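Residues per chain, in single letters:
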Amino acid sequence: GMTFESIWTNRYCRFEEEQVNRMENTSTNDCGGGAMKLDAKQKVLIAIYLEYQKDIPDYINNVTPDILGLEEKVFNIAIDKLQGERLIQNANISKAINGTLHVDIFSIKMTREGIDYVESKFEIAIAQNASEKAGIIFKKVGEWGYNQLHSFAAKIVTELSKEAL
């Protein structure tokens, strides 16, 4: 039968086709110009939010610079900013004499503000379950062309569908 992932992908591809057909007469083709620009900080927060949807999140192994396609320095600064803005908490951050940040996200948690930030950006309803929340993000980051986040979200969606069985 169809896996959860393939159902999502089919749905997403159908949606993309409709968008492309609608857009043919215009010069742009980024899903109607509605593509959201995400900076490194937002990408990291979205990845943390997705991992948070699991019964047992494992941030240290799953939310990494490599997986998100970010330089380690950029990733570390993003974590520092997110914590400074109270969107996450419990990241262990230390600064070396030369200014290099060392970041340990083993114990991080999302704050209420962090959750609200992501859910308002993606128009996610509080009542939706983890799988639905991840699905919405999967669809939108795909439409916006964020490939690393898209495959990260695909993995989460698949794992959540297994958890729900």
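These lines cover the structure that appears in this document, whether it is placed above or below. Computed from a predicted model, the values in this text were never measured in an experiment.

The rules behind these values
- Sequence order as written defines the numbering, with residues in each chain counted from 1.
- Only residues with pLDDT of at least 70 are given local features in this predicted model, and only at 80 or more are side-chain atom pairs given and counted; all residues enter the totals for whole chains, interfaces and linings.
- Side-chain calculation: all heavy atoms of the structure are included, whereas hydrogens and water are not.
- Working definition: helices are DSSP H or I runs of at least four residues, strands are E runs of at least two. Numbering for both runs from the N terminus.
- Throughout this description, buried means an accessible area under 20% of the type-specific maximum (1.4 Å probe, protein chains only), exposed means over 50%, and partly exposed covers the range between.
- The criterion is simple. A nonpolar core is a set of buried Ala, Val, Leu, Ile, Met, Phe, Trp, Tyr and Cys residues joined through side-chain atoms within 4.5 Å.
- We call two residues in contact when some of their heavy atoms are within 4.5 Å.
- Each polar contact in these results corresponds to two N or O atoms within 3.5 Å; when the atoms are within protein, one needs to be able to donate a hydrogen and the other to accept it, and residues that are neighboring in sequence are counted only if both atoms are side-chain atoms.
- Put simply, a salt bridge is a Lys or Arg side-chain nitrogen that is within 4 Å of an Asp or Glu carboxyl oxygen.
- Axis angles are defined between N-to-C directions and span 0 to 180 degrees, where every axis is a line fitted to C-alpha atoms and, for a helix, only to the segment in contact.
- Roughly parallel means an angle under 35 degrees; roughly antiparallel means over 145; roughly perpendicular covers 65 to 115; every other angle is labelled oblique.
- When residues are sorted by character, Ala, Val, Leu, Ile, Met, Phe, Trp, Tyr, Cys and Pro go into the nonpolar class, Asp, Glu, Lys and Arg into the charged class, and all the rest, Gly among them, into the polar class.

1. Some details on unusual backbone geometry
Glycine aside, residues mostly have negative phi, and peptide bonds are mostly found in the trans state.
Reasoning step 1: The backbone phi angle of Asn 90 is positive, close to 70°, even though this residue is not glycine.
Reasoning step 2: Among the structural elements, Asn 90 can be located in the loop between strand S1 (88–89) and strand S2 (92–95).
Reasoning step 3: By relative accessible area, Asn 90 is classed as partly exposed at 40%.
Reasoning step 4: Of note, Glu 123 is a non-glycine position whose phi angle comes to about 55°, a positive value.
Reasoning step 5: Along the chain, Glu 123 turns up in the loop between helix H6 (112–121) and helix H7 (130–143).
Reasoning step 6: When its relative accessible area of 67% is taken as the criterion, Glu 123 is described as exposed.

2. Some details on the nonpolar core
Reasoning step 1: Counting 41 residues, the largest nonpolar core has Val 44, Ile 48, Val 63, Phe 122 and Ile 137 as the members making the most contacts within it.
Reasoning step 2: Within the residue set of this core, elements represented by two or more residues are helix H2 (40–52), helix H5 (72–84), H6, H7 and helix H8 (147–163).
Reasoning step 3: Leaving out residues up to four positions away in the same chain, Ile 137 has contacts with Ile 46, Tyr 49, Leu 50, Val 118, Phe 122 and Ile 124.

3. Considering the environment of Gln 83
Reasoning step 1: Structurally, Gln 83 can be placed in helix H5.
Reasoning step 2: Spatially, the C-alpha atoms of Gln 83 and Met 110 are 9.4 Å apart, while their sequence positions differ by 27 residues.
Reasoning step 3: Beyond its immediate chain neighbours, meaning those up to four positions away, Gln 83 contacts Ile 88, Gln 89, Asn 90, Ala 91 and Ile 93.

4. Some words on the side chain of Asn 62
Reasoning step 1: With respect to the helices and strands, Asn 62 occurs in helix H3 (residues 59–62).
Reasoning step 2: Among the residues examined, Asn 62 registers a relative accessible area of 16% and is labelled buried.
Reasoning step 3: Here the side chain of Asn 62 touches Glu 51 through a polar contact of 2.9 Å, side chain to side chain.
Reasoning step 4: Beyond its immediate stretch of four places on either side in the chain, Asn 62 contacts Glu 51, Lys 54, Ile 67 and Phe 152.

5. What to know about the pattern of salt bridges
Reasoning step 1: For the structure on display, the rule yields seven salt bridges.
Reasoning step 2: Lys 140 serves as the salt-bridge partner of Glu 123, at 3.5 Å between the closest nitrogen and oxygen. Taken together, the residues Glu 123 in the loop between H6 and H7 and Lys 140 in helix H7 connect sequence positions 17 residues apart.
Reasoning step 3: Connected through salt bridges with shared partners, the residues Glu 51, Lys 54 and Glu 159 form a single ionic network.

6. Some words on the environment of Ile 60
Reasoning step 1: Considering the arrangement of structural elements, one finds Ile 60 in helix H3.
Reasoning step 2: Note on Ile 60: relative accessible area 37%, which makes it partly exposed.
Reasoning step 3: With 45 residues separating them along the chain, Ile 60 and Ile 105 place their C-alpha atoms 5.8 Å apart.
Reasoning step 4: Not counting chain neighbours up to four residues away, the residues in contact with Ile 60 comprise Asp 104, Ile 105 and Phe 106.

7. Looking at the packing of H2 against H8
Reasoning step 1: In the contact formed by H2 and H8, the axes pass within 10 Å of each other and the chain directions differ by 10°. Judged by the inter-axis angle, H2 sits roughly parallel to H8. Here H2 contributes Lys 43, Ile 46, Ala 47, Leu 50 and Glu 51 to the contact with H8, which in turn contributes Leu 149, Phe 152, Ala 153 and Ile 156.
Reasoning step 2: Across the contact of H2 with H8, the residue classes break down as seven nonpolar, no polar and two charged.

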